[in-house]
Structure formats: structure tokens, C-alpha cells
Amino acid sequence: METIRDDFQGSDRRAVKALNIIIVGAGIGGLTAGIALAHTGHCVTIFETVSEITDVGAGIQIAPNAARILHRLDVLRDVMDHATVLERVSVRYVDMCSRNWLVANISRRYTSDDEMATFPLLPANGLKYGAPMGVIHRGDLQNILLNKALELGCHIFTNHKVMAVDPKFSAKVHVHDGTTGERFWLSADMVIAADGVKSHIRQQMMTSKGYKDEPIPTGDAAYRLLIPRNRVLDDPLTLSMMDKNVAMRYMGPGGHIMAYPIRGSSLYNIVLLHPAKSETLSEDVWTSKGSREDMLKFCAGWSPAVQKWLAHADEDVLEWNLHVYPDLPTWTQGNVALLGDACHPMLPYVAQGAANAMEDAAVLATALTCTSNVRLALKMYETIRKSRAEKIAAGATATAYTLHMPDGPEQVARDQGLVSPGAAKQN
Ligand code: FAD
């Protein structure tokens, strides 16, 4: 374990005082917060609006900052058992989990399959950041977190929608039970709103402060595809991509592709960023349907490998219009705090949304090991987390520009600045 840096010092400590805590949302952030808080001795109740936590989403990256937290919460081994199985392993990580790390991130210019550069993730990145990096199906990650939260005694109510928090932002929520139709108020010591990018509680908090909470379309959208292995059995090129524990990135004018295998190479996860259609620009949901035909048209000039992958796509591809959310004036009010996408939605260009929700959870639990004063702990949480998360979100927005540069001198300079393939071996 010597290679894992230990950020979550609070996990071995107990809360100064056990609190009753309500969490809104059993997504990645809400469940991680539930685990971290239960782990330090709090009594946690989680309300989740969906009736069943199923396999929604596609691939999600577990960057080193997330891995270190999952390790401290005692779920990393389980997560890695479900993450991408790699063919190359650094012995340095054998103790932690012997196989499942992404080894390299290969960049390619979109018209060609020639490799431009390799960014070694293992061991170089892992050594630099204290833990390596994996990829997993979001549904698998959510299920593992759910089971751990239940094991630690969190009370989880699905089909329960939190309609509002108390207007004075005391720790009181108004809940609608979707099974019985009953509505009730419930009090606690603290409410954590981990209700995602469209957070109802964020809107309530911002309205009460007279602040306009409006997403701005970026003009980009993401097609998201999961290609099952049994669909590519007669396509040796795609099959061989699925069998490599390598993330592939193609960059082109106005778009890029990131692709990697998940679920033991049984699925190839592809995210294709492209200009959004003007008529759907304002839609902001993960599960909108896009047109396969439009996707193929956009990629018509892209490399042979890309053409092959995309030819395996379903008729109904998922398309998600990307928005940026202005930084909020605050994440906390009274005994209520926002967490995860609810307070720092991020564009997917640096794959840090889930990781930052986990950082929020770890910091919040740690703050409560320092003081039993809820408002002070929430202020500590906000002070530590807000500027960092906003910086990362801004970095994600800036990265889109770099990845989508039009052809020209700037693009040539970008490409020349990439690490050469030989550098991977030296690391
Ligand atoms: P989320 O993971 O969005 O979780 C929010 C949760 O709150 C949801 O379960 C939601 O149902 C619940 N909720 C919302 N409102 C209420 C309410 N009023 N009362 C009770 N519960 C409520 N990221 C990727 O990188 N790849 C993906 O493929 C991917 N797919 C996703 C699919 C879906 C359907 C969702 C919701 C998110 C997806 N994400 C994906 C986003 C990623 O999971 C988040 O960016 C990140 O994990 C931050 O987590 P979060 O807990 O803040 O928000």
C-alpha cells in the first residue's frame, strides 16, 4: 500500500458527535457521502427519487484522486474487480488490486490511425498522483457504493423525492413517497443535497439569495455509445481495440473521441464530442436520443478505426447537450449544503465530475471529525472544496478548446507539443 497517498485522514477518526444526516440523492456523490459519514459514526438517511437503482450511464473514469478516497472507504478492491482488466500491470500496485488499471492514453489525429503520442498512465501517472487510474461502468460503481452504504447502516429510501428543504434552511426536508403518495416533513441535524446537475435544492437556495441559476449551452454535445463485444466478433480491428487496456483519444476540428473497454472488455465505451444541433441546444439530460445517421455524417472523414467502431452503433444513440453552470455564490445555507454536481457541474473533458463529488464527501466527513458545530463544519467544507472544484470545472471548459482546435498553426503546435510515443517507454 506504500504507493497510495492518503488524503482522507478523517476515515480512521470518529465524528466529534454523532449526527442525524439526511442526504438527497443516491448518485455517486450522495452514496459516497453516506459511506464516509456512516464510517465516522453518523446516522445517515438517503432519499432517492428513482424507484430502483439500475444500470444507468456508461463508462466513468476513476482518477487517482477518486481511487485514493475509495481505498480509504474500503471499496476500492470491489470497484477494481469491476473495472477494466488490464493486460499490463505494474507490480507496485499488486498489493492494492492486481490487475484493473488503464495503462496508457493514446492520442491520434482523427484522419489517421497513426499514433501521435502516448501518455503513460501506469506506472508514471500512478506514481505521480499516488494511485493509478481505472474505468468502470457507472452502474457498477453506483451499485458497489449502494451495497457499502447499506452494509454501514445507511437508511436508503428509493421512490422518495425530496420536494424542498425548509425555507429557513434548517435541516428539514419535505418528502414525497412515490409508493404511497404520502408527503411528510423530516428533520435532522444536517441536509446534504447531492441531487445532481439539475438540483432542485440548489435552485431553492439560489432563489432565496436572489441569484439566477441558469445553465449556458456550450454548443457541444456528446454521443455516448456502448458497443457489446458479441457485435464485433467478425471485426478483428475493433475486437483488438477492446482487448487492449488502453484509452483511445482522437482529436479533430470541433470534436473528439474518447474510447475504452469496460466490464472485462465485454463493452466498448465511446464518447464522441461534436457540435450540438441548434434545435436541441437547451436540452440538458443524460438520456436524450440522438441520430445515428447524424453521428456517422459528422465522422465521415475520420479514421478507418473510428468508422468501424461507429458502424456497430445502435440506431438510438444517446446524445447529451453540454452546458456550463456559472460558479455559485455559496454552497451552504443554514444547516444545508450542496455536494457533487449539484454545486459544481463539470464538462466531461477532464473526467472529474464523480471524482470531485467523492472529494466533497471525504472533506465533509473529515470536517465533522474536527467540530460538532454543523455550520462551522459546513463552512470548512465549502472553504476547502469550492475553489478547487471551480478551478477544475474551469479547466474542463478550457480543455474543450484544446481538444477541438480547427486545423491550423495552433493545432500543429498543440500536436507537436504532445509527448512522443518513445517517451512512454522511458517512464
Ligand atoms: P448524480 O450521479 O447525477 O446523482 C444525483 C442523484 O440524485 C440521482 O440518483 C437522482 O435521481 C437523485 N435526485 C435528483 N433529484 C432528487 C430529489 N429531488 N430527491 C431525491 N433524489 C433526487 N457520468 C459519467 O462520467 N458517465 C456516465 O455515463 C454518466 N451517466 C450518468 C447517468 C445518469 C442517469 C446520471 C444521473 C448521471 C450520470 N453521470 C455519468 C454523471 C456522474 O454520475 C456525475 O457527474 C457524478 O458522479 C456526480 O455525482 P452526483 O452524485 O453529484 O450526481
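Residues numbered from 1 in each chain as written. Predicted model: local features only at pLDDT ≥ 70, side-chain atom pairs only at ≥ 80, totals over all residues. Heavy atoms only, no water.

Q: Break down the packing of aromatic side chains for me, citing the residues and quoting the values.
A: To describe a pair of aromatic rings, you give the distance between the ring centres and the angle between the ring planes. Inspection of every chain in the model, using the stated rule, returns six aromatic pairs. Look at Tyr268 and Trp309: their rings are 5.3 Å apart centre to centre, the planes differ by 80 degrees, and that puts the pair in the edge-to-face class. Here the residue Tyr268 occupies a position in strand β15 (residues 267-275), and Trp309 occupies one in helix α9 (residues 304-311), the gap between them amounting to 41 residues. Note on Phe298 and Trp302: the rings are 5.8 Å apart at their centroids and 50 degrees apart in plane angle, and the pair reads as tilted. On the basis of relative accessibility, which here comes to 6%, the residue Trp302 falls in the buried class. Taken together through their ring pairs, the aromatic side chains of Phe47, Phe157 and Phe184 make up a single cluster. The positively charged end of Lys172 is found above the aromatic ring belonging to Trp185, 5.8 Å away from the centroid. (Phe/Tyr/Trp six-rings, centres within 6.5 Å; stacked < 30°, edge-to-face > 60°. Helix = DSSP H or I, 4+ residues; strand = E, 2+ residues; numbered from the N terminus. Buried < 20%, exposed > 50% of the residue type's maximum accessible area, 1.4 Å probe, protein only. Lys NZ or Arg CZ within 6 Å of the ring centre and 35° of its normal.)

Q: Now, about the nonpolar core: what can you tell me, with residues and values included?
A: One finds Ile23, Ile62 and Leu141 to be the most contacted residues of the largest nonpolar core, which totals 79 residues. Once residues lying within four places of it in the same chain are set aside, the contact partners of Ile23 are Gly30, Ala33, Gly34, Leu37, Val44, Thr45, Ile46, Phe47, Ile192 and Ala194. Of all hydrophobic cores here, the second largest spans 26 residues; its members include Ile227, Met248, Ala259 and Ala313. (Core = buried A, V, L, I, M, F, W, Y, C linked by side-chain atoms within 4.5 Å. Contact = heavy atoms within 4.5 Å.)

Q: Can you lay out helix α10 (residues 353-367) for me, pointing to particular residues and giving the numbers?
A: The end-to-end C-alpha distance of α10 is 21 Å, a good match for the 21 Å that 15 residues give at a rise of 1.5 Å each. Of all the 15 residues making up α10, 14 are buried; the element is thus mostly covered by neighbouring parts of the structure. (Expected span 1.5 Å × (residues − 1).)

Q: So what about the site of the ligand? Which residues, and what values?
A: Taken together, 27 residues lie near the ligand, and Glu48, Ala58, Arg138, Arg224 and Asp341 sit nearest. In this structure, Ala58 approaches the ligand through a main-chain N or O atom, which is 2.6 Å from an oxygen atom. Listed by contribution, the elements that provide at least two residues to the shell around the ligand are α1 (28-39), β3 (59-62) and β8 (160-165). Residues of the shell around the ligand, tallied by class, amount to eleven nonpolar, ten polar and six charged. (Near = heavy atom within 4 Å. Polar contact = N/O pair within 3.5 Å; in protein donor to acceptor, adjacent residues only side chain to side chain. Nonpolar A, V, L, I, M, F, W, Y, C, P; charged D, E, K, R; others polar.)

Q: Describe in detail the sheet that holds strand β9 (residues 172-177), supporting the description with residues and values.
A: In spatial order, the strands read β8-β9-β10; together these three strands make up an open sheet with antiparallel pairing. Looking at which strands have only one partner, the edges of the open sheet turn out to be β8 and β10 (183-187). Looking at each pair of strands side by side, their axes are set apart by 35 degrees on average, direction ignored. Across five bridges, the pairing between β8 and β9 is antiparallel. Residue pairing across strands places Ala164 opposite His174, the latter belonging to β9. (Pairing = 2+ DSSP bridges. Axes fitted to C-alpha atoms, helices over the stretch in contact; angles between N-to-C directions.)

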